[in-house]
Structure formats: C-alpha cells, structure tokens
Amino acid sequence: MDIAGLATIGYGLATLGPGIGLGILIGKTVEGMARQPEVAGQLRTTMFIGVAFVEVLALLGFVAGFVF
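Computed from a prediction, not measured in an experiment: that's the story for all the values here.

Engineer: Quick question: what am I supposed to make of the overall build of the chain here?
Structural biologist: For the chain, the count of helices and strands is 3 helices and 0 strands. Listing every helix and strand of the chain by position from the N terminus yields α-α-α. Relative to the compact-globule value of 11 Å for 68 residues, the chain shows a C-alpha radius of gyration of 16 Å, a clear excess of over 25%. In terms of principal-axis extent, the alpha carbons of the chain reach across some 55 × 15 × 5 Å. Taken over 68 residues, the chain has a buried fraction of 18%. With an accessible surface of roughly 5,000 Å², the chain has 75% of that area assigned to carbon and sulfur atoms.

So this is what it looks like as structure tokens:
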C-alpha cells in the first residue's frame, strides 16, 4: 500500500473521534436545554466553545495525514 493510501486511512480514522464527540456534545446540550430552558443561552455558548475544540481535533487529524 502506498503512502497516500495510508494517509487516507489515517484521516478516516481521525474523523471518528471528533464525530463521536460532536454527537455527544450536541446531544447533551439539547438535553440540558430541554430540562432547563432558562439556561439555554449559557448552554449554547458553552456548546459552541466545545464544538470549536472538537473541530480542532478533526483539522489536526487532517493536517497530520498530509505531514506524515
């Protein structure tokens, strides 16, 4: 298998973590908003900060596929 194939497989595996993380993060935020609608604004803000950190992991995996 050539190096490009390995990079493709590596990026595919690197997307699993952020994908699962986003699903859990957004799901729990929606659950929290349903339970306590009065804190929806604060939960939404915290969720977007968390989404940014999880997306950085996906971009890191993407870049690492090209670097290595």
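Having seen the model, we can carry on.
Engineer: Please clarify how the packing of helix α1 (residues 3–14) against helix α2 (residues 16–35) should be interpreted in this entry.
Structural biologist: Axes are the key here: two packed helices are described by the angle between their axes and the distance separating the axes. Orientation of α1 relative to α2, taken along the N-to-C sense of each, is 15°, at an axis distance of 4 Å. Here α2 runs roughly parallel to α1, going by the angle between their axes. The residues of α2 that touch α1, namely those facing Gly 12, Leu 13 and Ala 14, are Leu 16, Gly 17 and Pro 18. For the contact of α1 with α2, a count of residues per class yields 4 nonpolar, 2 polar and no charged.

Engineer: I tried to follow the pattern of salt bridges on my own but got confused; where do I start?
Structural biologist: Should the charged atoms of two oppositely charged side chains come close, the side chains can pair. Evaluation of the coordinates by the stated rule reveals 2 salt bridges. One salt bridge connects Lys 28 with Glu 31, and the closest N-O pair in it is separated by 3.8 Å. You can see Lys 28 and its partner Glu 31 sitting in helix α2, 3 residues apart, about one turn around the helix. Overall, Lys 28 belongs to the exposed group, its relative accessible area being 54%. Judged by its relative accessible area of 34%, Glu 31 is partly exposed.

Rules and cut-offs
- Residues numbered from 1 in each chain as written.
- Predicted model: local features only at pLDDT ≥ 70, side-chain atom pairs only at ≥ 80, totals over all residues.
- Heavy atoms only, no water.
- Helix = DSSP H or I, 4+ residues; strand = E, 2+ residues; numbered from the N terminus.
- Rg over C-alpha atoms; globule rule 2.2 N^0.38 Å.
- Buried < 20%, exposed > 50% of the residue type's maximum accessible area, 1.4 Å probe, protein only.
- Areas by Shrake-Rupley, 256 points an atom, 1.4 Å probe, with all protein chains shown as cover.
- Axes fitted to C-alpha atoms, helices over the stretch in contact; angles between N-to-C directions.
- Parallel < 35°, antiparallel > 145°, perpendicular 65-115°, else oblique.
- Contact = heavy atoms within 4.5 Å.
- Nonpolar A, V, L, I, M, F, W, Y, C, P; charged D, E, K, R; others polar.
- Salt bridge = Lys/Arg side-chain N within 4 Å of Asp/Glu carboxyl O.

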